[in-house]
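Structure assessment
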Amino acid sequence: MKFIDLNRQYQAYKQEIDEAVSNVLESGVFILGPVLEELETSLAAFTGVQKAVGVGSGTDGLLLALMAIGVGPNDTVITTPFSFFATAEAIMLLGAKPVFVDIDPLTYNMDTAHLLHTVEALKNKGERPKAILPVSLYGQCADMDEICETARTADIPVIEDACQSFGATYKNRRSCGLSLMGVTSFFPSKPLGAYGEGGMIFTNDPELADELRSLRVHGQKQHYQHTSIGLNARLDAIQAAVLLTKFKHFPKEIVRRQERAMTYGSLFQQYLPEIQLPHIKPDRTSVFAQYTIRLPDDKRARVVEHLKTRGIPTAIHYPTPLHLQPACAHLNILKGSLPHAEQAAKEVLSLPMHPFMLVQEQEMVVTAIKEALAKGH
Ligand SMILES: Cc1ncc(COP(=O)(O)O)c(C=O)c1O
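Figured I'd write up the structure that's included with this text. This is a predicted model, so every value here is computed, not measured.

**Quick notes on the sheet that holds strand β3 (residues 97–100)**
- If you trace the 3 strands from one edge of the open sheet to the other, you get β3-β2-β4, paired in parallel fashion. Of all strands in the sheet, those with a lone pairing partner are β3 and β4 (131–133), marking the two edges. Direction aside, neighbouring strands of the sheet carry axes that sit 30° apart on average.
- In this structure, strand β2 (residues 76–79) lies alongside β3, joined through 4 bridges in parallel fashion. What sits directly across from Thr79, in β3, is Phe100.
- Along the sheet, helix α5 (residues 112–124) makes contact with β2, β3 and β4, crossing β2 at roughly 165°.

**Quick look at the environment of Leu25**
- Its place among the elements puts Leu25 in helix α1 (residues 6–27).
- Sequence spacing of Leu25 and Ala237 is 212 residues, and the spatial spacing of their C-alpha atoms is 9.2 Å.
- Sequence-distant contacts of Leu25, that is, excluding residues within four places in its chain, are made with Phe30 and Ile238.

**Focus on the pattern of salt bridges**
- In the structure shown here, the tally under the stated rule is 18 salt bridges.
- The residue Asp5 makes a salt bridge to Arg8 at a minimum N-O spacing of 3.2 Å.
- Relative accessible area serves as the criterion here: at 10%, Asp5 is assigned to the buried category.
- On the basis of relative accessibility, which here comes to 29%, the residue Arg8 falls in the partly exposed class.
- In this structure, Arg310 engages Glu371 in a salt bridge whose closest nitrogen and oxygen atoms are separated by 3.0 Å. Pair noted here: Arg310 is in the loop between α9 (297–309) and α10 (339–347) and Glu371 is in helix α11 (residues 359–375), with a separation of 61 residues, a long-range link.
- Classification of Glu371 as partly exposed rests on a relative accessible area of 30%.
- One salt-bridge network, held together by shared partners, links Asp143, Lys281, Asp283 and Arg284.

**What to know about the site of the ligand**
- Of all residues adjacent to the ligand, which total 16 residues, the nearest are Gly58, Thr59, Asp161, Gln164 and Ser185.
- At 2.8 Å from an oxygen atom of the ligand is found a main-chain nitrogen or oxygen belonging to Gly58.
- Contacts to the ligand include Gln164, whose side-chain N or O atom sits 2.8 Å from an oxygen atom.
- Against a free-state accessible area of 390 Å², the protein chains account for coverage of 93% of the ligand.

Conventions we followed
Residues numbered from 1 in each chain as written. Predicted model: local features only at pLDDT ≥ 70, side-chain atom pairs only at ≥ 80, totals over all residues. Heavy atoms only, no water. Pairing = 2+ DSSP bridges. Helix = DSSP H or I, 4+ residues; strand = E, 2+ residues; numbered from the N terminus. Axes fitted to C-alpha atoms, helices over the stretch in contact; angles between N-to-C directions. Contact = heavy atoms within 4.5 Å. Salt bridge = Lys/Arg side-chain N within 4 Å of Asp/Glu carboxyl O. Buried < 20%, exposed > 50% of the residue type's maximum accessible area, 1.4 Å probe, protein only. Near = heavy atom within 4 Å. Polar contact = N/O pair within 3.5 Å; in protein donor to acceptor, adjacent residues only side chain to side chain. Areas by Shrake-Rupley, 256 points an atom, 1.4 Å probe, with all protein chains shown as cover.

Structure, rendered in structure tokens:
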């Protein structure tokens, strides 16, 4: 069994994808170009946002978004400690300092009460963070309205790290269109995945979109006229063609992901409350980039080992919170200071999940977990 079976997806759309890639090869336009423009227009319409800018990866997208609002050395950016490393990495690459706020232990997203407290504590020290960067983890949006309200009151821009949540809804709006900028990733295993690296930034601010377009091509506004220091962070035409083809099937795939999640939910019913299932708030939907359960750490280790013997892969997203990563040692954040993130890191476990997963495979996963738990009794 595969954790995410991309081959089944390719086999399902093979003819269309091969044709789209072949058309790019015939066109001779490989970087930016009309296919990317069509993708940007289509995804902007889908997210309900005016402008979309295709970039080289989700990491590039976060970096460019922070650059576009002028984040630099000695700035602080508020974010979550429970995410993929790239979230904090983008901040630190610009010489800025991440300030972490703890997570809600049910959704694993930024805790809004802790955010408010952190913004006020910084204000009392005379500091105004340059941005707030919440992550919509596992495919479910963070509490974006509360976050944006706290940010608005303190006059701080919000960038949603939507690398895992493209397609998710929040109060009938789409992830990526809920704040000043939303950044997603098209890494192959993401809900909408390319066949290489890719990402996109969404914004309703046309001037910001122009700045992002310039920054993704070395800060160039006209050919060989560089008005700022940027990056080479373009999305290529082959990836755009793959994405455009897969995007036609994406709404159907989201439904299938949600069906798979419901199936897991009903199969696990009898193991509650020993296992904590994903908690999706009633005003939003998840695209289940991950299907992540939670169980005490001794049991997690047992489940991982037992599933391995049954040929079932699992993953831990993420075993080390960002503030405890060696690369963040210079921040001097003590172990124990973000208890919810630290506890979640010990207990979360992601199970195989993709739109082409069979119910029989899900039954195998749940049966194997049941066997592993029974071993301990
Ligand atoms: C939450 C989060 N942020 C950022 C990234 C970085 O995206 P990419 O791998 O496309 O650079 C990822 C993807 O792995 C992610 O999951």
